[in-house]
Amino acid sequence: MEQSSLLLKKQLADMRRVPVDGFSAGLVDDNDIYKWEVLVIGPPDTLYEGGFFKAILDFPRDYPQKPPKMKFVSEIWHPNIDKEGNVCISILHDPGDDKWGYERPEERWLPVHTVETILLSVISMLTDPNFESPANVDAAKMQRENYTEFKKKVAQCVRKSQEE
């Protein structure tokens, strides 16, 4: 058995034993430890409060040397989530130097990160978006220039997530 699958099994067991506020996680298919289904609960006192956003975490075979990819399958309007649902946060970027010079190496993926630290970072991102490098330029622009419209669009996503 690969080291990555043993590590992922341990992290899944830990999360089941000691659940963390704000999300739940499990396998999409019990036979595939590399594909997780995640439910991110909209953080309190944010525009996303009350939402239940589904996402997929896709782990590479060389985890934890390389980060997983995270993609929301629920519709979510956020500056750091592109229109296809891909999450764009520093800790999910490959380790090493940023070729565009935006991120320091220590802000990027490190093998010490776990599923829990990834999901806590996503919750933090929902609470406090990073406008410096938006993945969804339209959402970032709307949040800056037309906050009322931005709030409406997020509220639609929250309502839709409650019905899924």
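Up top you'll find the structure we're talking about.
Residues numbered from 1 in each chain as written. Predicted model: local features only at pLDDT ≥ 70, side-chain atom pairs only at ≥ 80, totals over all residues. Heavy atoms only, no water.

Participant: Can you lay out the pairing of strand β4 (residues 69-72) for me, pointing to particular residues and giving the numbers?
Facilitator: In β4, alternate side chains face the same way, and those of M70 and F72 are buried while those of K69 and K71 on the opposite face are not. Two strands pair when backbone bridges link them, and strand β3 (residues 52-58) and β4 are joined in this way by four bridges, in the antiparallel orientation. If you follow A55 over to β4, its bridge partner there is F72. (Buried < 20%, exposed > 50% of the residue type's maximum accessible area, 1.4 Å probe, protein only. Helix = DSSP H or I, 4+ residues; strand = E, 2+ residues; numbered from the N terminus. Pairing = 2+ DSSP bridges.)

Participant: How would you sum up the environment of I41? Please name residues and give values.
Facilitator: Mapped onto the elements, I41 comes out in strand β2 (residues 35-41). Among all residues touching I41, those that are not within four sequence positions of it are G22, F23, G51 and F52. (Contact = heavy atoms within 4.5 Å.)

Participant: I'd like a rundown of the side chain of N80, residues and numbers included.
Facilitator: Within the secondary structure, N80 is located in the loop between β4 and α2 (115-127). Note on N80: relative accessible area 2%, which makes it buried. Leave out the neighbours within four places in its chain, and N80 touches N86, V87, C88, M125, P129, N130, S133, P134 and A135.

Participant: Could you give me a rundown of unusual backbone geometry, with the residues and numbers involved?
Facilitator: Excluding glycine, most residues fall at negative phi; most peptide bonds, likewise, are trans. Cis geometry marks the peptide bond from Y63 to P64, where omega comes out at 5°. Tracing the sequence through the fold places P64 in the loop between β3 and β4. Of note in the backbone geometry, D45 takes a positive phi value of approximately 60° without being a glycine. Along the chain, D45 turns up in the loop between β2 and β3. Take D45: its relative accessible area is 75%, and that puts it in the exposed class.

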